[in-house]
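Summary of structural features
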Amino acid sequence: MMRTRNILLAVCMMLSAAASSFGQTERGGRSTIVLGEEIQPKDTTRKSRFKNHLIAPKGEWQCGINVMYADFSSDNSEYMMLLQGVDANASMLRLAPQAAYTFKNNHAVGVKFQYTNFSGMVDTATADLLGNFSMTLEDINASSRAWGASIFQRTYWGLDKRGRVGLFWDYILGYTRKTTRFFAGDSSSAYTMTQKAHLGFAPGLVYFPMNNVSIQASICLADLSYNYVQAYEGGEVTGTRHAWKAQASINVLDLNFGLTIHF
């Protein structure tokens, strides 16, 4: 756990140093463009209540990373209310470097790579549901690692005349490969391999604290995916499953925070 936090802290420090360096340098591409200028719609006969301001000019390159870290403990989790004598903890780390090119004012296309690591354990816990059902768990371990890649098309909507604040939404087409282990007691050779192809929609908020640096927060609200799951034990396949899945929900674990350099 401590090693993961140290790595995450080092990544954030390097990104902050790079952001400060780029932020102090005026880039010709952005300095010669009037950010915040109103973008006229194609259909000029219709009036819109919300004006779209320039926030990502055509010809701009973007390079950044999204980070998500969560630490769960039975000491402070509201989800453990039905459990007694709980000793459990879990953590999740997600890193997603990305690069994009603005092919049109306020419209960009890019590629993203993502790594996710999850680990958790329950030393002991007793579930008691109003005296009608009870179950005891001991020495349960779970771990998961996932690698993925995706392409996305991003549309910005500038909210202010200075070109500092805006909304955006991403249409995402991606592939993820995940390995999951779940066992009680000693380590087991059994695991599952999940391959997922998905199409998603993720809106977000962007803010430019510097001329060449932006920070973002986004969350995936809808996802359509095809999943192919294989179960392994002793190096051999013991079962397979194919499934389509569609969902539209708000999950706090899908929340991402990012830092991007524009040049």
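Scroll up to find the structure.
Residues numbered from 1 in each chain as written. Predicted model: local features only at pLDDT ≥ 70, side-chain atom pairs only at ≥ 80, totals over all residues. Heavy atoms only, no water.

**Here we look at a nonpolar patch on the surface**
On the surface, Val111, Phe113, Ile151, Leu173, Leu199, Leu224 and Trp244 cluster together to form a nonpolar patch covering roughly 730 Å² of accessible area. Positionally, Val111 belongs in strand S3 (residues 107-129). When its relative accessible area of 30% is taken as the criterion, Val111 is described as partly exposed. (Patch = residues over 30% accessible without salt bridge, like charges linked within 9 Å, V, L, I, M, F, W, Y side chains within 5 Å. Areas by Shrake-Rupley, 256 points an atom, 1.4 Å probe, with all protein chains shown as cover. Salt bridge = Lys/Arg side-chain N within 4 Å of Asp/Glu carboxyl O. Helix = DSSP H or I, 4+ residues; strand = E, 2+ residues; numbered from the N terminus. Buried < 20%, exposed > 50% of the residue type's maximum accessible area, 1.4 Å probe, protein only.)

**As for the pattern of salt bridges**
Across all of its chains, the model carries two salt bridges by this definition. As a salt-bridge pair, Asp170 and Arg154 come within 2.7 Å of each other at their nearest N and O atoms. With a gap of 16 residues between them, Asp170 in strand S5 (residues 165-184) and Arg154 in strand S4 (residues 133-158) connect regions that are remote in the sequence. Between Asp223 and Lys196 there is a salt bridge, with the nearest N and O atoms lying 3.8 Å from each other. Of this pair, Asp223 sits in strand S8 (residues 222-233) while Lys196 sits in strand S6 (residues 191-210); the two residues are 27 residues apart in sequence, bridging distant segments of the chain. Using a relative accessible area of 26% as the deciding quantity, one classes Lys196 as partly exposed.

**Examining the environment of Phe50**
Along the polypeptide, Phe50 turns up in the loop between helix H2 (28-31) and strand S1 (61-73). Classification of Phe50 by relative accessible area gives exposed; the value is 61%. Between the C-alpha atoms of Phe50 and Gly158, which are 108 residues apart in sequence, the distance is 9.7 Å.

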